[in-house]
Amino acid sequence: MENQTQIICSELFQKHRKVEVALYPALLTWKEIEKSRKRSSGASEAEQGHDIKVCEIVAIHKAEDEAETQTRKHPKRIKQHSQQYPYAFTVAYVRRTQQHLWRCSDVTFHCADQQICDQWIQVTNEQLSLLTNRPKNLLVYINPYGGKRRGKHIYEQKVAPVFRRAGIFTDVIVTERANHARDHLKTEANLDDYDGVVCVGGDGMFSEILHGLVTRIQADHNVDQNQPDAELVPCPLRIGIIPAGSTDCICFATVGTNDPVTSALHIIVGDSQPMDVCSVHHNDVFLKYSVSLLGYGFYGDVLTDSERNRWLGPARYDLSGFKTFLCHNHYEGTVSFLPAEDNVGHPRDKLQCRSGCRICQHKHSSKDEHNEVSEEKEKPAEDGEGDWSVIHGKFIAINSASMSCACPRSPKGLSPSAHLADGTTDLILVRKCSRLDFFKHLLRHTNNDDQFDHWFVDVHRVRKFRFQPWHHELVPLEDQSEHPEKPDLSPTSSLQETCDYSTAESSWNCDGEILHHAAIQVSVQCGLIRLFARGIEEQQDAEGAV
Ligand SMILES: CCCCCCCCCCCCC/C=C/[C@@H](O)[C@H](COP(=O)(O)O)NC(=O)CCCCCCCCCCCCCCC
Ligand SMILES: Nc1ncnc2c1ncn2[C@@H]1O[C@H](COP(=O)(O)OP(=O)(O)O)[C@@H](O)[C@H]1O
Ligand SMILES: [Ca+2]
């Protein structure tokens, strides 16, 4: 059997330059030999060196056609060289360019000896086969009508070729109707055949995949989703997102860019990013899951209006945003929430969630190590839930961001310091204020100013929350006695405000889907799903930038 830590080193040719190529257990390196010998000091020598992590190699294969192509392009100069070194292999690898964008680059090495060429391919492939987190079989769903209706084209032209190159097998389903992907995952798909599911579309399409997968896993394990406190079973399959929708904030906030090739490469290298999932209930009946934005008031109204103008594509949100802004509605109601523990930070602490985030990792290791114990510790108060806070008021928007919700419209997102997998959501309450004030608040989503630094904005990091719209004809939370765990509203309710009527109810925008109930209970399920992503990487040095 081959030694798993075998190191090989050869003198090969790359573009007719002599290079020393070495494969260590986790690193492939090459550097030019002739030039580095000529140069006296080491400074420029370092520039010549290339290092590639084995885990970022896409594939290695024989470059049989290489010599032929080169001969056709540069017949005189090259012909002799390619006859001298007729064997070649190509390594495809991840190259970072600017702004979190990844590209698949090639480097081809030539040699005179077939055995050496074969050995390189064999040893590299052996190292690649040790990377067990890489998916081999994927189930792909394409929404052909998402965003600018380019999902099918994007997948076929940009993604499928890279998957083929990496030797990934795919079953591809182009959806024929809304909820096709969800229903297929729920009842038909044979999940054992796949290592992951790929979603080609926007946040709405992702939501379909999420519901299909999570519902299927709960059904397979006899977990009742209708119970708000049920401990949900995590999903063993990872989800990859090829952005082809209108907002694509789930992709943007977990990868740092909306680019199909970058996402495909994160899938190929087998990245894994856990994500919080909010479960939304109405009177103990399950409604929906959410991973990004749950928004009542402004974002609910924008979504409701935008559905009428779907034909406009992504621009529908700008039109509806403008109209909704002019309407300047506010909604009265009561928000109650269970604050998060101190160790997960605060929405205004400016500690952004980045690749390998300590806060998310700490949350996970404590959850894995002492599953039951930590569950107990999380519920310190005598009723087993901790202290609920209650706020009654008139709100222009009530937003819950389980992650930053960064997207091209708002590069730092609705809650720039929210975490992908800390088991909490940031609850943002925007109270009734003037149009100008609300405009200032919105504008701060597009620049570096703090959008929470306004008298009319409150933000809380929470584990659970509830919302009850205010009906003047009804007694608020009239069913309190049936739910003893619900907080007592009386001391903090500002009932004196009730004479000032607000408009009717709004609806909730749940990851781009409209919810048909305004009164909801929300609970965060820590890291319930995993994506083929790694979180946003801290900006690299200029290495590889074009
Ligand atoms: C003055 C400019 C203000 C710009 C404010 C931008 C805030 C943007 C925050 C975006 C958070 C997005 C959260 C994600 C939601 C998605 O799940 C969800 C579904 O995505 P999908 O279509 O890909 O399936 N997308 C959405 O609900 C879209 C929300 C987009 C909101 C755009 C709001 C634009 C507001 C324009 C106000 C204009 C005021 C002008 C005054 C003169
Ligand atoms: N074949 C289809 N025909 C019509 N609607 C579909 C189809 N496949 C998926 N959908 C629905 O399209 C909606 C929007 O999809 P999405 O990919 O998020 O695009 P966008 O970002 O433009 O909203 C989702 O609600 C999804 O359920
Ligand atoms: Ca979170």
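Residues numbered from 1 in each chain as written. Chains lettered and ligands numbered in written order. Predicted model: local features only at pLDDT ≥ 70, side-chain atom pairs only at ≥ 80, totals over all residues.

Going by an unreviewed UniProt entry, the protein chain carries the name Ceramide kinase and comes from Cyprinodon variegatus.

(A) The overall build of the protein chain, seen in detail. A tally of helices and strands in the protein chain yields 15 helices and 21 strands. For the protein chain, the proportion of its 546 residues judged to be buried stands at 40%. Taking contacts inside the protein chain between residues at least 6 apart in sequence as the whole, the part at least 24 apart equals 75%. (Helix = DSSP H or I, 4+ residues; strand = E, 2+ residues; numbered from the N terminus. Buried ≥ 20, exposed ≤ 12 C-beta atoms within 10 Å, placed from the backbone. Contact = placed C-beta atoms within 7 Å.)

(B) A look at the nonpolar core. Of all hydrophobic cores here, the largest spans 123 residues; its most connected members are V197, C199, V200, I209, I242, I268 and C405. Counting residues per element, this core draws most heavily on helix α8 (residues 203-220), which supplies seven residues. (Core = buried A, V, L, I, M, F, W, Y, C linked by C-beta atoms within 7 Å.)

(C) Structural context of the site of ligand 1. Around ligand 1, the surrounding shell holds 31 residues, and the nearest of these are G202, G245, T247, G321 and G512. Elements supplying a minimum of two residues to the shell around ligand 1: α8, α11 (298-307), α12 (316-327) and α15 (435-443). Looking at the shell around ligand 1, the element that brings in the most residues is α12, giving five residues. Of the residues belonging to the shell around ligand 1, the class tally is 14 nonpolar, 12 polar and five charged. (Near = placed C-beta within 6 Å. Nonpolar A, V, L, I, M, F, W, Y, C, P; charged D, E, K, R; others polar.)

(D) Quick peek at the UniProt feature "domain: DAGKc" (unreviewed entry) in the protein chain. Following the UniProt record, one finds the feature "domain: DAGKc" (unreviewed entry) at residues 133-284. Across residues 133-284, the secondary structure splits into 38% helix and 22% strand, with the terminal C-alpha atoms separated by 38 Å. (UniProt positions renumbered as here; feature names shortened; annotations may be inferred.)

(E) Inspection of the site of ligand 2 at higher detail. Around ligand 2 there are 21 residues in total, and G146, G201, G202, G204 and G245 lie nearest to it. No other element matches the four residues that α8 contributes to the shell around ligand 2. Grouping the constituent residues of the shell around ligand 2 by class yields four nonpolar, 13 polar and four charged.

(F) Focus on the domain arrangement of the protein chain. Examined at the domain level, the protein chain breaks down into domain 1 (8-129), domain 2 (134-271) and domain 3 (290-371 + 386-474 + 493-523). When each unit is reduced to the centre of its C-alpha atoms, the spacing between domain 2 and domain 3 is 25 Å. At the junction of the two partners, domain 2 supplies 17 residues and domain 3 supplies 18 residues. For the side of domain 2 that touches domain 3, the secondary-structure elements that each account for two or more residues are α8 and α9 (249-255). (Domains from an automatic or database assignment.)

(G) Quick peek at the packing of α11 against α12. Across the interface, α11 lies against α12 with an axial gap of 8 Å and an inter-helix angle of 125°. Put simply, α11 runs oblique to α12. The two elements α11 and α12 meet at a crossing, and its hand is right-handed. Where α11 approaches α12, its residues F298, D301, V302, D305 and S306 are matched on the opposing element by R316, Y317, S320, G321, K323 and T324. When grouped by side-chain class, the residues that make up the contact of α11 with α12 number three nonpolar, four polar and four charged. (Axes fitted to C-alpha atoms, helices over the stretch in contact; angles between N-to-C directions. Parallel < 35°, antiparallel > 145°, perpendicular 65-115°, else oblique. Left-handed = near helix turned anticlockwise from the far one by under 90°.)

(H) Quick look at helix α7 (residues 180-188). Looking only at α7, the buried set comprises A181, R182 and L185. One face of α7 carries all of its buried residues, which in axial projection span an arc of 105°. With respect to the buried face of α7, the exposed residues turned more than 90 degrees away are T187 and E188. Where the residues of α7 are buried, they touch β8 (137-142), β9 (169-174) and α8. (Arc of directions from axis to C-beta.)

(I) The arrangement of unusual backbone geometry in detail. In this structure, N283 is a non-glycine residue whose phi angle is positive, near 45°. Positionally, N283 belongs in the loop between β12 (273-282) and β13 (285-290). Classification of N283 by C-beta neighbours within 10 Å gives partly exposed; the count is 13.

(J) Highlighting the pairing of β13. Of the pairings in the sheet, the one linking β12 to β13 comprises five bridges and is antiparallel in character. Its bridge partner lying in β13, H281 is registered against F286. As consecutive antiparallel partners, β12 and β13 are separated by two residues, and within that stretch N283 has a phi angle of approximately 45°, a positive value. (Pairing = 2+ DSSP bridges.)

(K) Main features of the environment of G512. Structurally, G512 is set in the loop between β19 (508-510) and β20 (513-515). Of the residues examined, G512 has 25 C-beta atoms within 10 Å and is grouped as buried. In this structure, the C-alpha to C-alpha distance between G512 and H100, residues 412 residues apart in sequence, is 25 Å. Ignoring any residue separated from it by four or fewer positions in sequence, one finds G512 in contact with G202, D203, G204, S207, T247 and L303.

(L) Layout of α11. Of all 10 residues in α11, seven are buried; the element is thus mostly enclosed. Every buried residue of α11 is accounted for by F298, Y299, G300, D301, V302, L303 and S306.

(M) Quick look at the pairing of strand β21 (residues 520-531). Across the 12 residues that make up β21, a large majority, nine, are buried. As paired elements, β12 and β21 share eight bridges and run antiparallel to each other. Along β21, the bridge assignment pairs H281 with Q521. Both strand β18 (residues 457-469) and β21 contribute to a ladder of four bridges, which runs antiparallel.

(N) Quick peek at the packing of α7 against α8. In contact at an axis separation of 8 Å, α7 and α8 are set at 15° when each is read in the N-to-C sense. Classified by the angle their axes make, α7 and α8 are roughly parallel. The handedness of the crossing between α7 and α8 comes out as right-handed. For the pair formed by α7 and α8, the contact residues are A181, R182, H184, L185 and K186 on the first element and M205, E208, I209, H211, G212, L213, T215 and R216 on the second.

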